[in-house]
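What follows is each chain in one-letter form.
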Amino acid sequence: MSTIRVLVVEDEAVAAAAHAAYVQRIPGFELAGTAADGQSALRLLGELASSGAPVDLVLLDMNLPDLHGLDIARRMRSSGILADIIAITAVRELGIVRSAVAIGVVQYLIKPFTFATFADKLESYRSFRHQLSDRQAGRGRTGASQSEVDQAFASLRAPSELPLPKGLSAATLGSVQDYLREHRGAVSATEVMDALGMSRVTARRYLEYLADAGTALRTARYGTPGRPENEYRWNGH
């Protein structure tokens, strides 16, 4: 999958520098530029698109000196700029949030936030893009099933944002996530059971939860005795 090019739109110099540095710390993302106001952002988006190096993702502050973030998003769409948008803002009004979702904002980050939260959002977005592009490239088609669409959009939500089902603990979920992240290949519930000292049923529950959240990719494993079982691979890439 190609590198995701990111434009940071933020009028506070310290915050803009921090967000730009954050982007460059996450593998698979490339800083395309920064803009301190809406007009500069729109101009830069147009210039980069014309040069053959369009922006894939805009990290967009909602409150800028010249234009509101919603106005920028609308102007992007009306001019044919289809870059995805993650709103990064202190704005918490539900009306603004609803409007942001309506015009295609895929994620919403409320200031202040840590690098870990920032990274989780971008990695979830990367998983979303990867799943959609993988479905198309891997199968030579442009259509997708309901389950494929559901799984792609589920990846936009970090597991911490989804309520844990009864009987699952955050600590154990973190251990399973860490094991998947550090393991280079796909693993089965049996392998997680052996590695983490839990029952196979419990391991499968956590793996299924991560797969439903889009954090793990779930595929069928064949070539083993008995019924085929699922295997799971970390989807952080």
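Above this text you will find the structure in question.
Keep in mind it's a predicted model, so treat the numbers as computed, not measured.

Chemist: With reference to specific residues and values, describe the packing of aromatic side chains.
Modeler: Under the defined criterion, the tally for this structure stands at two aromatic pairs. Here the basic side chain of Arg25 rests over the ring of Phe115, its NZ or CZ set 3.7 Å away from the ring centre.

Chemist: So what's going on with the side chain of Arg5? Residues and values would help.
Modeler: With respect to the helices, strands and loops of the structure, Arg5 is situated in strand β1 (residues 4-9). Judged by relative accessible area, which is 16%, Arg5 ranks as buried. With near-sequence residues (within four places) excluded, Arg5 lies in contact with Glu30, Ala32, Leu48, Ala53, Pro54, Val55, Asp56 and Leu57.

Chemist: Account for the environment of Ala21, naming residues and giving values.
Modeler: Looking at the element boundaries, Ala21 is found in helix α1 (residues 13-25). Taking the C-alpha atoms as reference points, Ala21 and Phe115, 94 residues apart in sequence, are found 10.0 Å from one another.

Chemist: How would you explain the environment of Val192 if you had to name every residue and give the values?
Modeler: Secondary-structure assignment places Val192 in helix α8 (residues 189-196). Taking the relative accessible area as the measure of exposure, Val192 reaches 0% and is therefore buried. Measuring from C-alpha to C-alpha, the distance between Val192 and Tyr232 comes to 10.0 Å, with 40 residues separating the pair along the chain.

Quick notes on the rules
Residues numbered from 1 in each chain as written. Predicted model: local features only at pLDDT ≥ 70, side-chain atom pairs only at ≥ 80, totals over all residues. Heavy atoms only, no water. Phe/Tyr/Trp six-rings, centres within 6.5 Å; stacked < 30°, edge-to-face > 60°. Lys NZ or Arg CZ within 6 Å of the ring centre and 35° of its normal. Helix = DSSP H or I, 4+ residues; strand = E, 2+ residues; numbered from the N terminus. Buried < 20%, exposed > 50% of the residue type's maximum accessible area, 1.4 Å probe, protein only. Contact = heavy atoms within 4.5 Å.

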